[in-house]
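If you want the building blocks of each chain, they are given just below.
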Amino acid sequence: MPAESRTPALRTRLLVAVLGPLLAAAILIGVVGATLIADVVRRTNDRVLGGALGAIAETVQVERGEVTLDLPAAAFGMLENTERDNVYYRVAVGADLLTGYADLPAPDPATLDIDVPRYRFARYRDQQIRIAEVRRALPRIDQPVIVQIAETLDNRGALTRRLMVALLIGECVLVGAAALLIRPALGWSLRPLARLRGAVEARDGRARPDFSPLDTGPLPSELRPLAGAFDRLLAQLDTATVGVRRFTADASHQMRTPLSVLKVQVALARRGSDTERREALDEIADAVVRLERLVTQLLALARAEEAGVSAPLEAVDLREVAAAVITRQINRAIEAGIDLTLEGDERAVCVVAGHRTLIFEIIANLIDNAIRYNRSGGSVMVTIETAASGVSVSVVDDGPGIAPTHRITAFDRFVRLGDGNGPEGSGLGLAIVRSAATRLGATVAFGDPAVGTVVVLHFPQVTA
Amino acid sequence: MRILLIEDDAALARSIAALLRTGGNAVDHVATGEDALSVVAGEPYALVILDVGLPGIDGFTVLEMLRRRGERVPVLMLTARDALDDRVRGLDLGADDYLRKPFEPEELEARVRALGRRRGGDPLPVLSVGTLTINRSTGDADIAGRILDLRRRERTVLEALATRAGRVVPRELLIGEVFGFDEPVGGNAIEVHVTRLRGKLAPDGPGIRTVRGVGYMLDAG
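About the thresholds
Numbering of residues begins from 1 in every chain and follows the order in which that chain's sequence is written. Chain A is the first chain written and ligand 1 is the first ligand written, with later ones labelled in order. Where totals are concerned, whole chains, interfaces and linings use all residues; where local detail is concerned, this predicted model gives features only for residues with pLDDT of at least 70, and gives and counts side-chain atom pairs only at 80 or more. Each helix corresponds to a stretch of at least 4 residues labelled H or I by DSSP, and each strand to a stretch of at least 2 residues labelled E; elements are numbered beginning at the N terminus. Residues with at least 20 neighbouring C-beta atoms inside 10 Å of their own are called buried, those with 12 or fewer are called exposed, and the rest are partly exposed, where every C-beta is derived from the backbone. We call two residues in contact when their backbone-placed C-beta atoms lie within 7 Å. By definition, two strands form a pair when at least two bridges between them are found by DSSP. In this analysis an axis means a line fitted to C-alpha atoms, helices contributing only their contacting stretch, and an angle means the value between N-to-C directions, from 0 to 180 degrees. A set of buried residues qualifies as a nonpolar core if it consists of Ala, Val, Leu, Ile, Met, Phe, Trp, Tyr and Cys joined through C-beta atoms within 7 Å. What sets the label is the angle itself: under 35 degrees gives roughly parallel, over 145 gives roughly antiparallel, 65 to 115 gives roughly perpendicular, and the rest give oblique. The crossing is said to be left-handed when, going from far helix to near helix, the turn is anticlockwise and less than a right angle, and right-handed when the turn is clockwise. Amino acids are sorted into nonpolar (Ala, Val, Leu, Ile, Met, Phe, Trp, Tyr, Cys and Pro), charged (Asp, Glu, Lys and Arg) and polar (every other residue, Gly among them). To estimate how far a helix should extend, the number of its residues minus one is multiplied by 1.5 Å.

A.B. asks: Explain the overall build of chain B to me, please; I cannot follow it from the model alone.
C.D. replies: When helices and strands are tallied, chain B shows 8 helices and 12 strands. Among the 221 residues that make up chain B, the fraction classed as buried is 40%. Taking as baseline every contact in chain B between residues at least 6 positions apart, the subset at least 24 positions apart corresponds to 60%.

A.B. asks: For this particular structure, what's the right way to read the overall build of chain A?
C.D. replies: Of regular secondary structure, chain A possesses 10 helices and 14 strands. In chain A, buried positions account for 25% of the 464 residues. Taking the contacts inside chain A whose residues are at least 6 apart along the sequence as the reference set, 65% of them involve residues at least 24 apart.

A.B. asks: What exactly am I supposed to notice about the sheet that holds strand β11 (residues 208-211) of chain B here?
C.D. replies: Strand pairing in a sheet relies on backbone hydrogen bonds, with the paired strands running either antiparallel or parallel. All names here are of chain B. Ordered by their spatial adjacency, 3 strands build an open sheet running β10-β12-β11, and the pairing between neighbours is antiparallel. Looking at which strands have only one partner, the edges of the open sheet turn out to be β10 (169-170) and β11. Judged from the 2 bridges that link them, β10 and strand β12 (residues 215-218) form a sheet pairing that is antiparallel. Residue valine 169 lies in a different strand from β12, and its bridge partner there is tyrosine 216. Packed onto the sheet, helix α6 (residues 152-162) meets β10, β11 and β12 and runs at close to 75° relative to β12.

A.B. asks: What is the right way to look at the nonpolar core in this model?
C.D. replies: Most often, soluble globular proteins keep nonpolar side chains buried together rather than apart. One finds Ile3, Ile6, Leu47 and Ile49 of chain B to be the most contacted residues of the largest nonpolar core, which totals 65 residues. Here this core takes 7 residues from helix α1 (residues 10-22) of chain B, the largest share from any one element. Core analysis: the second largest hydrophobic core is formed by 40 residues, Val352, Ile362, Ile363 and Ala370 of chain A among them.

A.B. asks: Is there a simple way to explain the packing of helix α2 (residues 10-58) of chain A against helix α4 (residues 154-189) of chain A in this structure?
C.D. replies: Each pair of packed helices can be summarised by the angle the axes make with each other and by the distance between the axes. Residues and elements named next belong to chain A. One can describe the packing of α2 onto α4 by two numbers: an axis separation of 9 Å at closest approach and a directional angle of 165°. Here α2 is positioned roughly antiparallel relative to α4, judged by the angle of their axes. Regarding α2 and α4, the two cross each other, and that crossing is right-handed. Grouping the amino acids of the contact of α2 with α4 by side-chain chemistry returns 24 nonpolar, 4 polar and 4 charged.

A.B. asks: Before we go on, may I ask you to explain the interface of chain A and chain B in this structure?
C.D. replies: Interfaces are often sized by the accessible area lost when the parts come together. On the chain B side, the residues contacting the 20 residues of chain A number 21 residues. At the level of secondary structure, the elements contributing two or more residues to the side of chain A that touches chain B comprise α6 (224-271) and α7 (274-306) of chain A. With 12 residues, α6 of chain A is the single largest residue contributor to the side of chain A that touches chain B. In terms of residue class, the side of chain A that touches chain B is built from 6 nonpolar, 7 polar and 7 charged.

A.B. asks: How do you make sense of the sheet that holds strand β1 (residues 2-6) of chain B when you look at a structure like this?
C.D. replies: Residues and elements named next belong to chain B. With respect to topology, 5 strands assemble into an open sheet ordered β2-β1-β3-β4-β5, the strand pairing being parallel. Among the strands making up the open sheet, the edge pair consists of β2 (26-30) and β5 (97-100). Neighbour-to-neighbour, the strand axes of this sheet turn through a mean angle of 20°, independent of strand direction. With 4 bridges joining them, strand β4 (residues 75-79) and β5 adopt parallel strand pairing. When the bridges of β5 are listed, methionine 77 appears paired with tyrosine 98. Against the sheet, α1 contacts β1, β2 and β3 (47-51), and its axis sits at roughly 170° relative to β2.

A.B. asks: It is not clear to me how the environment of threonine 195 of chain B should be interpreted in this structure. Could you clarify?
C.D. replies: All names here are of chain B. Here threonine 195 shows up in helix α8 (residues 189-201). Threonine 195 gets classed as exposed once you count the C-beta atoms within 10 Å, which come to 12. Between the C-alpha atom of threonine 195 and that of glutamate 154, which follows or precedes it by 41 residues, the distance is 9.8 Å.

A.B. asks: I would appreciate a short explanation of α2 of chain A in the present structure.
C.D. replies: In an α-helix, one turn spans 3.6 residues; hence positions three or four apart end up facing the same way. All names here are of chain A. Compared with the 72 Å implied by 1.5 Å per residue over 49 residues, the 70 Å span of α2 between its first and last C-alpha is a close match. The complete set of buried residues in α2 reads Ala26, Val41, Asn45, Leu49, Ala52, Leu53, Ile56 and Ala57. Tucked into the core, α2 has its buried residues touching α3 (73-78), β3 (87-93), β6 (127-136), β7 (145-152) and α4.

A.B. asks: I'm lost on the packing of α6 of chain B against helix α7 (residues 171-178) of chain B in this one. Help?
C.D. replies: All names here are of chain B. Remark: α6 packs on α7, axes separated minimally by 10 Å, with the N-to-C direction vectors making an angle of 135°. Considering the angle they form, α6 stands oblique to α7. By crossing handedness, the relation of α6 to α7 is classed as right-handed. Across the interface between the two elements, Arg153, Thr156, Val157 and Ala160 of α6 pack against Leu174, Glu177 and Val178 of α7. A class-by-class count of the residues in the contact of α6 with α7 yields 4 nonpolar, 1 polar and 2 charged.

A.B. asks: How do you make sense of the pairing of strand β7 (residues 132-135) of chain B when you look at a structure like this?
C.D. replies: Residues and elements named next belong to chain B. Residue alternation in β7 divides its side chains into a buried set, Leu132 and Ile134, and an unburied set, Thr133 and Asn135. Note that strand β6 (residues 126-129) and β7 share 4 bridges and pair antiparallel. Following the sheet pairing, leucine 127 is matched in β7 by isoleucine 134. Where β6 folds back on β7, the antiparallel hairpin that results is connected by 2 residues, among which glycine 130 adopts a positive phi of roughly 60°. In the sheet, β7 pairs with strand β8 (residues 141-143) via 3 bridges, with the strands oriented antiparallel. In the sheet register, isoleucine 134 faces β8, and the bridge partner there is alanine 141. Where β7 hands over to β8, the hairpin turn is made up of 5 residues, of which glycine 139 adopts a positive phi near 85°.

A.B. asks: Can you help me understand helix α10 (residues 429-440) of chain A in this one?
C.D. replies: Residues and elements named next belong to chain A. The end-to-end C-alpha distance of α10 is 17 Å, a good match for the 16 Å that 12 residues give at a rise of 1.5 Å each. Of all 12 residues in α10, 10 are buried; the element is thus mostly enclosed. The positive-phi residue at the C-terminal boundary of α10 is glycine 441, with phi of around 75°.

A.B. asks: Looking at this model, I keep getting lost on the environment of alanine 370 of chain A. Mind explaining?
C.D. replies: All names here are of chain A. Along the chain, alanine 370 falls in helix α9 (residues 356-372). Each C-alpha atom of the pair alanine 370 and glycine 401 lies 9.3 Å from the other, and the pair is 31 residues apart in sequence. In contact with alanine 370, other than residues within four places in its own chain, are Val380, Val395, Asp397 and Thr453.

The structure is reproduced here in structure tokens:
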């Protein structure tokens, strides 16, 4: 599956998302750390160098008009270290060297403040050195007295390297630990997900699908919406399957009565006389027609409940559809002695957005009911009216009508009204009508006439 | 025997009535529970066949009301429903038997016969009165091996008398058991059948006495 190969695993995502920034942070910390280390190493060593400088400078005195000094051994002791850095010094009065290394780079006395030590790097004998220098003002001495002390940088370098290595090791441990821990941490974090999967999989292979909410135990807050969505989907499925199951049960119950008729009449035909056999055959033919109509209507109902889910709406001319239905049913109406007519303004716009098949089914069922539950000499009038509120198709008959108390349940499946002595219907017609109307966003309702029955199918919107 | 059929589907009611009439039964049909409750009290039905799915008062309620009134008539329930609960409920409410649609016609007939026998207090399918033997399952009757050629009505009258052999069966009861209420009953309808029966039973079978002003009695033994 291409989608699967293009979507990286969670582990990879997390690795990229966590380790990338972590690595960048490590580099930044390394750079800042290196600067800091260099600074700290320079300051501490300078302080020691400054201390030695101070100790030497303090011994510089004027004795009988001569500048003298007594080099203290402690000053050099301070600068001893494991790296055996070379230490150089120079004390000069003006251009005259008093003691030390004459060629140590001398400062310009004018740039030095009195008694304020200054530090600088320089090159001496092909080596980098750090020089601390101070200018002293001595009484009755006109020339500036410069005291300098310097050391090579081996100790500083070694210290810096040690600290840098320690910093680097720390950073590597951090990044490495993060990389290594991502896998187990992910496994641990995803364990509730595995539990969720287990709960879903436990539903597999049951004889009867179980649509009750998943039993997952407590879930982390991130997974709760997922489990909730899943439970809602289950509940939806539950409703749907219950509906289907009830429908098939109802449908099979409805088939049983005509089937019973068939069985009994076949038995009667087998044993009876010729006359009885003919009567039985008539009953059998009626029962077969009933079964056929029931099957047709069940299919129509299934179509009505299924259709319109994906198919785009089309412009349907209600007058044209009503005329087509009437053309189809006019012979039945004439046979039954019923006057079937189409009324309403022929020029009025009565186009709605819908599915022609469904609308045809609705109008056909309404007219069929109006003819079926009518009396000879009655009339059925189909009227199409366009108003600001939408388009309505009314089917009006002057038959026995439906009692107001029965109008509530009339749209339910397999509800047949009357006392059982009336014409035989399947009890599905109005259920088909309602289901199809709902699909189309239309409403269907009974009117409240003095005589007969009025059913109004109303489409709320008009399209030109 | 006399059967009340309560079924809202006209075609099925016609079919069941026709089937049971071929077995020599008198069948009355009503389509609603209300009608059933009003006719059942006045007529001596040997059996009630009751559809569960009736408009208005449903079959269970009809059954419950019948039993509450103290009606002991056997009731056979017919249903289009599958649920076990329904069957249990029906039987618990006092139904004697239960048949699911679509049923086999032969099974309906057999169950009707079985319930009819139980009504007489005698579940044996073969009924003997002296030399007379009646097979209530097949409807055949013979006297010491001599097969009687009986018409449907005669068979019903003979069976009604034989189940109460040695006792007087009131004329009204006999009429009630033999004729449905939509059948024309002449003043001497029963007398005609009884006379024919006497001829067919003679000379070696049990005699049928007329108890003037009361009814008829089949000699026991």
